[in-house]
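# Fold and geometry: a report
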Amino acid sequence: MLSILIRNKNQKLIMRKTTQLVILIITLIASNTTTAQELNASIKDAASKEAIPYVSIVLSNKKGVITNGEGKFSLSTTNTTAIDSIFISCIGYETIAQPVTTFKDSIIYMQPKTIELNEVLVSNKNYTGEEIIDMVKDSLDKNYSKDLTKKKIFLRESNYQGLDKTNYTFMKSTIKELNKPFLDSVITALPKRDNSYSEVLCDIYGNYDKETLKIDPIKGCRLYDKNSELDITKLEEKFNEIIKKNVKPDSYFKIKSGLLGVKVDGALDNPNDVKKDSIALKKELEEKKKLEEARRASYATYKKTTIGNQFSNLFYMDDAKLNVITKSGRYNFTIKDYTYWGNIPVYILNFEPKRGADYEGTIYVNADDFAVIRIDYDNIKTLKSIKLFGISYQEHLSRGKMIFAKNENNTYDLQYLEREAGNKAGIRRPLKIIEKNKVVKGRNKQNELYVKLDMAITSVTKYEIVVFDAENISKSIYDNFKEDKVIKPEYLRKYDPEFWKGYNIIEPNQAIREFTAEE
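Residues numbered from 1 in each chain as written. Predicted model: local features only at pLDDT ≥ 70, side-chain atom pairs only at ≥ 80, totals over all residues. Heavy atoms only, no water.

### A word on the overall build of the protein
Threshold: For helices the rule is a DSSP run of H or I covering at least 4 residues; for strands it is a run of E covering at least 2, with both sets numbered from the N terminus onward. The cut-offs for exposure are 20% and 50% of the maximum accessible area for each residue type, with area from a 1.4 Å probe on protein chains only; residues under the lower value are buried, those over the upper are exposed, and the others partly exposed. Should any heavy atoms of two residues lie within 4.5 Å, those residues are considered in contact. Accessible surface is estimated by sampling points in the Shrake-Rupley manner with a 1.4 Å probe; for residues, cover comes only from the protein chains shown.
If you tally the helices and strands in the protein, you get ten helices and 21 strands. Counting only residues that meet the buried cut, the protein has 42% of its 519 residues in that class. Considering only contacts in the protein between residues 6 or more positions apart, those separated by 24 or more positions represent 68%. Accessible area of the protein: about 28600 Å², with a carbon and sulfur share of 52%.

Here is the structure:
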């Protein structure tokens, strides 16, 4: 009996210890794998308490994001482990490195890094600004690879459009319907302000030559107000209706604006055949609808082209408009300061134009390998200006920045690109639309609309590209990848913070977060 009791107690003890061991193992596994979550925080200067934009936040697996212009970021930590760390770095600040699980604060403060001038100068000769740029140019092929890669990219395109002036002087109209109230209604229908946003997450195959790019779209959206779009179709239908009622057979139009005159023959082949015109108009509208559907179907191609155009303007590309490096002889360079990028000394150079160049800005150069790790630029004059017979066009805005990160191959990949491009267009001239007819007896001038126009519009487009990771691929992988360009962006009438949940993107700014289309 005693042996039986002892055996039972031993069995219970063994079971208890086995259970405890299983629980311990489960606990260790659970503690080493964090649940799917996101870190949402702002990065600020510990001294000034001001937000720090364009800070790099990277996990141990090299996946990461960059803060937006307001210093905000959101980072998915799905499938990270308790031993994984987050590395926060920015030029001029002490790098922060700590385990993922310890990040609890919504505000993270970075300490400015103390600069020891002698440390920079010990490892390098006391170069001039021009000599540093010469070293940069000599090191371009070594520092910036042209190998084929697969890059995960997020693109945000922000469009801002505003009618600055919509003035006109009504002079004369012999067509009753083409009167001042009708023209006023057309002006009223024009959206005075129109902001829209488009975002896409995709994989890009190729290098930075836009001709090599292939796109694998993942997800996309458009944020805009449909009510602010001018309904050209309705206006066209109204104009056609008015013309049909008032224009005689065999008429043609002469459009006069300023010094120029244009004759438009065959405006209506048979104005009396209303049914025929109605069928033709319906067919034309259907064709336009098909074209619009085709444009939407080619959304991925359009985004690939947009990304390729931004790549073409990287400072080291041969045909880049930002030619501060490729045509450095057109600029003056001065050493503004020294700083650090982690523990790497960095030259800070200012550049300004000479001999008619277009840009000024700041370049950050790694003092060890003479790679440009960041460049900020701004145009100092109008890039293009056309004025002819009362028509004006100006490219008045071109500014942005490029930030590069060193990869495992000791070359540099684009990490973040921001570019703003703006133009202004205007018309200030008289406009006459005259109906003439050679068949009608007497004066061949039948009807006339005469107005004086004074209108102007400003358009600005901002591009933001974040490259989350880039991995080298073989030529066979590149060749075998076939594009699937069919993606329909989801229309959002207001900002939805859940749309990109689980994906790493660059956080939207305040204007995007507050955007709501009118009912």
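### Things to note about a nonpolar patch on the surface
Test applied: Note on patches: the residues involved have over 30% relative accessible area and no salt bridge, like charges join within 9 Å, and the nonpolar side chains Val, Leu, Ile, Met, Phe, Trp and Tyr join within 5 Å. In the sections that follow, a salt bridge refers to a side-chain nitrogen of Lys or Arg positioned within 4 Å of a carboxyl oxygen of Asp or Glu.
Taken together, the side chains of Ile386, Leu388 and Phe389 define a hydrophobic patch exposed on the protein surface, amounting to about 270 Å² of accessible area. Here Phe389 falls in the partly exposed class, since its relative accessible area comes to 37%.

### Re the pattern of salt bridges
Evaluation of the coordinates by the stated rule reveals 17 salt bridges. One salt bridge connects Lys384 with Glu395, and the closest N-O pair in it is separated by 3.9 Å. With a gap of eleven residues between them, Lys384 in strand β17 (residues 384-388) and Glu395 in strand β18 (residues 391-406) connect regions that are remote in the sequence. Here Lys384 falls in the partly exposed class, since its relative accessible area comes to 40%. Note on Glu395: relative accessible area 23%, which makes it partly exposed. Here Asp479 and Lys475 are joined by a salt bridge, their closest N and O atoms 2.9 Å apart. Taken as a pair, Asp479 and Lys475 lie in helix α9 (residues 475-480) at a separation of four residues, close to a single helical turn.

### Description of empty space enclosed by the protein
Quick note on the threshold: Within this scheme a cavity is a closed region of a 1 Å grid, computed over the protein atoms alone, that accommodates a 1.4 Å probe without allowing it to escape, whereas a pocket is open but has protein on both sides within 12 Å along at least five of seven lines; lining residues each have an atom within 4 Å of a point. Grid points are joined across faces, edges and corners, and a volume is the space filled by probe spheres set on the points.
Counted under the stated rule, the structure contains two cavities of 30 Å³ or more. Of the pockets and cavities examined, the largest cavity occupies roughly 80 Å³. Lining the largest cavity we find Tyr197, Ser198, Glu199, Cys221, Leu223, Leu492, Tyr495, Asp496, Phe499, Trp500 and Ile512. Within the residue set of the lining of the largest cavity, elements represented by two or more residues are β9 (193-206) and β10 (214-223).

### Quick look at the side chain of Glu507
What counts here: His residues and chain termini do not enter the charge count, which takes Lys and Arg as positive and Asp and Glu as negative.
Structurally, Glu507 is set in the loop between β21 (490-492) and α10 (510-513). Buried and unpaired, Glu507 has no salt bridge, with Arg513 as the nearest side chain of opposite charge at 5.2 Å. With sequence-adjacent residues up to four places away left out, Glu507 is seen in contact with Asn68, Lys72, Phe73, Ser74 and Arg156.

### Overview of the sheet that holds strand β5 (residues 85-89)
To be explicit about the condition: Strands were regarded as paired on the criterion that DSSP finds at least two bridges between them. To get an axis, a line is fitted to the C-alpha atoms, and for a helix only the part in contact is used. The angle between two axes follows their N-to-C directions and goes from 0 to 180 degrees.
In space, the four strands of this open sheet follow the order β3-β2-β5-β6, with antiparallel pairing throughout. Each edge of the open sheet carries a strand with a single partner, namely β3 (64-66) and β6 (96-99). Averaged over all pairs of adjacent strands, the angle between their axes in this sheet comes to 15°, without regard to strand direction. Of the pairings in the sheet, the one linking strand β2 (residues 56-59) to β5 comprises four bridges and is antiparallel in character. When the bridges of β5 are listed, Ile57 appears paired with Ile88.

### Considerations on the environment of Tyr359
Along the polypeptide, Tyr359 turns up in strand β15 (residues 359-366). Take Tyr359: its relative accessible area is 3%, and that puts it in the buried class. Sequence separation of Tyr359 and Lys321 is 38 residues, and the distance between their C-alpha atoms is 9.7 Å. When sequence neighbours within four positions are dropped, the list of residues in contact with Tyr359 reads Lys321, Leu322, Tyr331, Phe351, Glu352, Pro353, Tyr377, Asp378, Asn379, Ile380, Leu383 and Ser398.

### Re the layout of surface pockets
Here the second largest pocket is characterised by a volume of approximately 1100 Å³. Looking at the second largest pocket, it is lined by 44 residues, and the ones nearest its centre are Val58, Lys62, Ala405, Lys406 and Asn407. Broken down by secondary-structure element, the contributors of at least two residues to the lining of the second largest pocket are β2, β3, β5, β16 (372-379), β18, β19 (412-437) and β20 (445-472). With seven residues, the top contributor of residues to the lining of the second largest pocket is β20.

### Quick word on the packing of aromatic side chains
Any pair of aromatic rings gets described here by the distance separating the centres and the angle formed by the planes. Condition: Aromatic rings from Phe, Tyr and Trp, with only the six-membered ring used for Trp, were paired whenever their centres fell within 6.5 Å, and each pair was classed as stacked if the ring planes differed by under 30 degrees, edge-to-face if by over 60, and tilted otherwise. The criterion is that NZ of a Lys, or CZ of an Arg, lies within 6 Å of the ring centre and within 35 degrees of the ring normal, and then a charge sits over that ring.
Applying the stated criterion across every chain, the model contains 22 aromatic pairs. Residues Phe333 and Phe351 carry aromatic rings whose centres are separated by 6.5 Å and whose planes lie at 45° to one another, so their mutual orientation is tilted. Separated by 18 residues along the polypeptide, Phe333 in strand β13 (residues 331-341) and Phe351 in strand β14 (residues 344-353) bring together distant segments of the chain. Considered together, Phe333 and Phe351 belong to a single accessibility category, that of buried residues. Among the aromatic residues, those joined into a cluster by ring pairs are Tyr144, Phe315, Tyr316, Trp341, Phe404 and Tyr412. One Lys or Arg, Lys151, reaches over the ring of Tyr208 and ends 4.7 Å from the middle of that ring.

### Some points on helix α3 (residues 129-138)
What counts, and what does not: When we speak of the arc, we mean the arc of directions from the helix axis to the C-beta atoms.
Considered for burial, the residues of α3 that qualify are Gly129, Ile132, Ile133 and Val136. Buried residues of α3, seen end-on, are gathered within an arc of 100° and therefore sit on one face of the element. Here the buried face of α3 lies against α4 (140-143), β13, β14, β15 and β16.

### Structural notes on unusual backbone geometry
The phi dihedral of Tyr54 is positive, around 60°, even though this residue is not glycine. Along the chain, Tyr54 turns up in the loop between β1 (38-45) and β2.

### As for the sheet that holds strand β7 (residues 107-110)
With respect to topology, three strands assemble into an open sheet ordered β4-β1-β7, the strand pairing being mixed. The sheet is open, and its two borders are formed by β4 (72-76) and β7, each paired with just one other strand. Each neighbouring strand pair of the sheet contributes to a mean axis angle of 35°, computed without reference to strand direction. Inspection of the sheet shows β1 paired to β4 by five bridges, in the antiparallel sense. Note that in β4 the partner of Asn40 across the bridge is Ser74.

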